[in-house]
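# Overview (structure and organization)
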Amino acid sequence: MTNAPTRQRRPERRPDDRPFDFNLDAVEPEQELKPFVVRFGGRRWTFRHMQDLDCWDLLDAASNGEVSAMLGAFKNALGEQYDAFRKVGLPQYKLRPLFQAWLRHCGLNEDGTPIGEPAAD
């Protein structure tokens, strides 16, 4: 047995005319991301479209469970309006219809899949 040094393979160099494999900057939404506007407590509230919300904030919130995920989505969607929206108070019986209407507006089923695609089991 010899202890010949093993020759390490050099990493392949990327051609100068191909500086990246995927241009995320060029990705555009499949639909216009219109905000969802709600009248509640005698006032108008504007929720950002779900597909326009920052995924990192949503993923952080979702790591603490389903309720935390929903709360994170509302916080992110309402932005600066969130504290004022909370002060109005929201009866529990209105939460589900609000969330379902927002989902439909964003083209999503209740499980988050696009409307028209089979729901995830």
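So, a few notes on the structure that sits alongside this text. (Residues numbered from 1 in each chain as written. Predicted model: local features only at pLDDT ≥ 70, side-chain atom pairs only at ≥ 80, totals over all residues. Heavy atoms only, no water.)

## What about the overall build of the protein?
To keep it simple, the criterion reads: Only DSSP runs of H or I covering at least 4 residues are called helices, and only runs of E covering at least 2 are called strands; the numbering of each starts at the N terminus. Partly exposed residues are those whose accessible area sits between 20% and 50% of the maximum for their type, while under 20% is buried and over 50% is exposed, using a 1.4 Å probe and protein chains only. Working rule for contacts: check all heavy atoms of both residues, and any pair within 4.5 Å makes them a contact. Areas reported here follow the Shrake-Rupley algorithm with a probe of radius 1.4 Å; residue values treat only the protein chains shown as occluding.
Secondary structure assignment for the protein yields four helices and two strands. When the helices and strands of the protein are listed from N to C terminus, the series reads β-β-α-α-α-α. Each of the 121 residues in the protein was classed as buried or not, and the buried ones make up 21%. A sequence separation of at least 24 residues applies to 47% of the contacts in the protein between residues at least 6 apart. Of the accessible surface of the protein, which amounts to about 10,200 Å², a share of 50% is contributed by carbon and sulfur atoms.

## Thoughts on the pattern of salt bridges
Filter applied, for reference: A side-chain nitrogen of Lys or Arg and a carboxyl oxygen of Asp or Glu constitute a salt bridge if their distance falls within 4 Å.
Under the definition given, this model contains two salt bridges. Between Asp52 and Arg48 there is a salt bridge whose closest N-O contact spans 3.7 Å. Looking at Arg48, the relative accessible area reads 32%, which means it is partly exposed.

## As for the environment of Cys55
With respect to the helices and strands, the residue Cys55 is situated in helix H1 (residues 55–62). Taking C-alpha positions, Cys55 is 9.6 Å from Ala73, a pair spaced 18 residues apart along the chain.

## What to know about the packing of H1 against helix H2 (residues 66–78)
Just so we agree on the cut-off: For helices, the fitted line uses only the C-alpha atoms of the stretch in contact; every axis is such a line through C-alpha atoms, and the angle between N-to-C directions lies from 0 to 180 degrees. Between 65 and 115 degrees an angle is taken as roughly perpendicular, under 35 as roughly parallel, over 145 as roughly antiparallel, and anywhere else as oblique. Here a crossing is called left-handed whenever its near helix is offset anticlockwise from the far helix by less than a right angle, and right-handed whenever the offset is clockwise. All amino acids are sorted into three groups, where Ala, Val, Leu, Ile, Met, Phe, Trp, Tyr, Cys and Pro are nonpolar, Asp, Glu, Lys and Arg are charged, and the leftover types, Gly among them, are polar.
Between H1 and H2, whose axes approach to 7 Å, the crossing angle comes to 150 degrees. It follows from the interaxial angle that H1 and H2 lie roughly antiparallel. Of the two elements, H1 crosses H2, and the hand of that crossing is right-handed. Of the residues in H2, those in contact with Asp57, Leu58, Ala61 and Ala62 of H1 are Ser68, Ala69, Gly72, Ala73 and Asn76. Here the contact of H1 with H2 is composed, by residue class, of five nonpolar, three polar and one charged.

## Description of the layout of surface pockets
A water-sized probe rolled over the atoms picks out the places where empty space is left. We count it as follows: Using protein atoms alone on a 1 Å grid, points that fit a 1.4 Å probe yet trap it form a cavity, whereas open point sets bounded by protein on both sides within 12 Å along at least five of seven lines form a pocket; residues with an atom within 4 Å of a point count as lining. Grid points are joined across faces, edges and corners, and a volume is the space filled by probe spheres set on the points.
If you add up the space inside the largest pocket, you get close to 630 Å³. Considering the residues around the largest pocket, the lining is formed by 24 residues, among which Ala69, Met70, Phe99, Leu103 and Glu110 are closest to the centre. Split into classes, the residues belonging to the lining of the largest pocket amount to 16 nonpolar, four polar and four charged. Its volume calculated, the second largest pocket comes out at about 260 Å³. Pro29, Glu30, Gln31, Leu33, Gln51, Cys106, Gly107, Leu108 and Pro114 are the residues that line the second largest pocket. Each residue belonging to the lining of the second largest pocket can be placed in one class, and the counts come to five nonpolar, three polar and one charged.

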